[in-house]
Amino acid sequence: MSRDTRYNPPTAARYAGSARAGTQTFWHQRVTSVAGVPLTIAFIAIVIALLGRNHAYTQQILGSPLVAIVMILFILTIAYHMWIGMQEIIVDYVHGPVAKYLALFGNMFFCVVTGLASIYAILKMSFGV
């Protein structure tokens with residue numbers, strides 16, 4: 001009996017997969033999206049509770065340790081989720097090597113700066129400095 005050769009992928013395409021990083025990124029994206037659901041609901045509830053309030057009341061609510069922790073967790077989760085999502089889009093759709101690396105660097109820079117600035121604002125309100 002001879003070997004069935006109808007499905008024999010080309011040699012050049014073998015082992016050209018994701019270099020074992022795709023599954024980890026896939027799971028990080030899923031975990032951050034699941035974690036983001038209750039954190040987003042909590043964030044929306046906090047924002048709704050602060051609508052129409054004065055600055056002192058807002059600072060008092062955001063100064064609460066529980067609220068500050070929820071807000072920081074929301075920021076970290078959403079910033080990391082955004083970074084992974086944009087990275088996947090850039091890798092898939094930006095084809096020039098220089099443009100790809102610049103876009104990846106810009107994505108990382110934007111996500112880190114936005115996350116750190118948001119966390120700094122929450123901590124400043126929380127500690128009342």
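In this text the structure is predicted, and so the values were computed from the model without any measurement. Every chain begins its residue count from 1, and numbering advances along the sequence as written. Two thresholds apply to this predicted model, a pLDDT of at least 70 for residue-level local features and 80 or more for giving and counting side-chain atom pairs, whereas whole-chain, interface and lining totals are computed over all residues. Values shown for side chains rest on all heavy atoms present in the structure; no hydrogens or waters enter the calculation.

A.B. asks: Kindly report on the overall build of the protein, identifying the contributing residues and their values.
C.D. replies: Per the convention used, a helix needs a DSSP run of H or I reaching at least four residues, while a strand needs a run of E reaching at least two, with both numbered from the N terminus. Helix and strand content of the protein: four helices and zero strands. Burial here depends on accessible area, computed with a 1.4 Å probe over protein chains only, as a share of the maximum for the residue type. Under 20% is buried, over 50% is exposed, and the range in between is partly exposed. A total of 129 residues make up the protein; the buried ones form 20% of that total. Working definition of accessibility: Shrake-Rupley area with a 1.4 Å probe, residue cover restricted to the visible protein chains. For the protein, the computed accessible surface area is about 9700 Å², with 71% contributed by carbon and sulfur atoms.

A.B. asks: So, a nonpolar patch on the surface: which residues are in play, and what are the values?
C.D. replies: Candidate patch residues must exceed 30% relative accessible area and have no salt bridge, after which like charges are joined if within 9 Å and Val, Leu, Ile, Met, Phe, Trp or Tyr side chains if within 5 Å. We count a salt bridge whenever a side-chain nitrogen from Lys or Arg sits within 4 Å of a carboxyl oxygen from Asp or Glu. On the surface, F105, M108, F109, V112, V113 and L116 cluster together into a nonpolar patch covering about 580 Å² of accessible area. By the element assignment, V112 lies in helix α4 (residues 97-127). Classification of V112 by relative accessible area gives partly exposed; the value is 44%.

A.B. asks: Can you tell me about the packing of aromatic side chains, naming the residues and giving the values?
C.D. replies: Each Phe, Tyr or Trp ring (for Trp, its six-membered ring) is paired with any other whose centre lies within 6.5 Å, and the angle between the two planes then decides the class: stacked below 30 degrees, edge-to-face above 60, tilted in between. In total, this model carries four aromatic pairs according to the counting rule given. Counted as over-ring charges are cases with an Arg CZ or a Lys NZ within 6 Å of the ring centre that also lie within 35 degrees of the ring normal. Here the basic side chain of R53 rests over the ring of Y57, its NZ or CZ set 4.7 Å away from the ring centre.

A.B. asks: Mind laying out the packing of helix α3 (residues 65-93) against α4, listing which residues take part and the relevant values?
C.D. replies: Axis lines are fitted to C-alpha atoms, over the contacting stretch for helices. Their N-to-C directions set the angle, which ranges from 0 to 180 degrees. The contact between α3 and α4 brings their axes to 10 Å, and the two run at 175°. In this view, α3 runs roughly antiparallel relative to α4, as classed from their interaxial angle. Taken together, the residues that form the contact of α3 with α4 break down as 19 nonpolar, five polar and one charged. Oblique is the label for any angle not under 35 degrees, not over 145, and not in the 65 to 115 range, which are roughly parallel, roughly antiparallel and roughly perpendicular in turn. In this classification, the charged set is Asp, Glu, Lys and Arg, the nonpolar set is Ala, Val, Leu, Ile, Met, Phe, Trp, Tyr, Cys and Pro, and all remaining amino acids, among them Gly, are polar.

A.B. asks: So, the nonpolar core: which residues are in play, and what are the values?
C.D. replies: Counting residues in each nonpolar core, the largest one holds 13 residues, and the members touching the most others are I46, L62, V67, M71, I75 and I122. Listing elements by their share of this core, those giving two or more residues are α1 (22-50), α3 and α4. It is α3 that provides the largest number of residues to this core, a total of seven residues. Among all residues touching I46, those that are not within four sequence positions of it are L62, V67, V70 and M71. We call a set of buried Ala, Val, Leu, Ile, Met, Phe, Trp, Tyr and Cys residues a nonpolar core when their side-chain atoms join them within 4.5 Å. Between two residues, a contact is recorded if the distance between any of their heavy atoms is within 4.5 Å.

A.B. asks: How would you explain the confidence of the model for the protein if you had to name every residue and give the values?
C.D. replies: Predictor confidence is given residue by residue as pLDDT, running from a minimum of 0 to a maximum of 100. Across the protein, the average pLDDT comes to 87, with 83% of residues at 70 or higher. Taken element by element, the predicted model of the protein shows its lowest mean pLDDT in helix α2 (residues 55-62) (88) and its highest in α3 (95).

A.B. asks: Tell me about the packing of α1 against α3, and please be specific about residues and values.
C.D. replies: Between α1 and α3, the shortest axis-to-axis distance is 8 Å and the interhelical angle comes to 140°. One way to sum up the angle between α1 and α3 is to call them oblique. Viewed along their axes, α1 and α3 form a crossing whose handedness is left-handed. Note on element contacts: α3 touches α1 through V67, V70, M71, L73, F74, T77, I78, Y80, H81, I84, G85 and E88, opposite T25, H28, Q29, T32, S33, A35, G36, L39, T40, A42, F43 and I46. The residue inventory of the contact of α1 with α3, partitioned by class, reads 13 nonpolar, ten polar and one charged. By convention, the crossing between two helices is left-handed when the near helix turns anticlockwise from the far helix through less than a right angle, and right-handed when the turn is clockwise.

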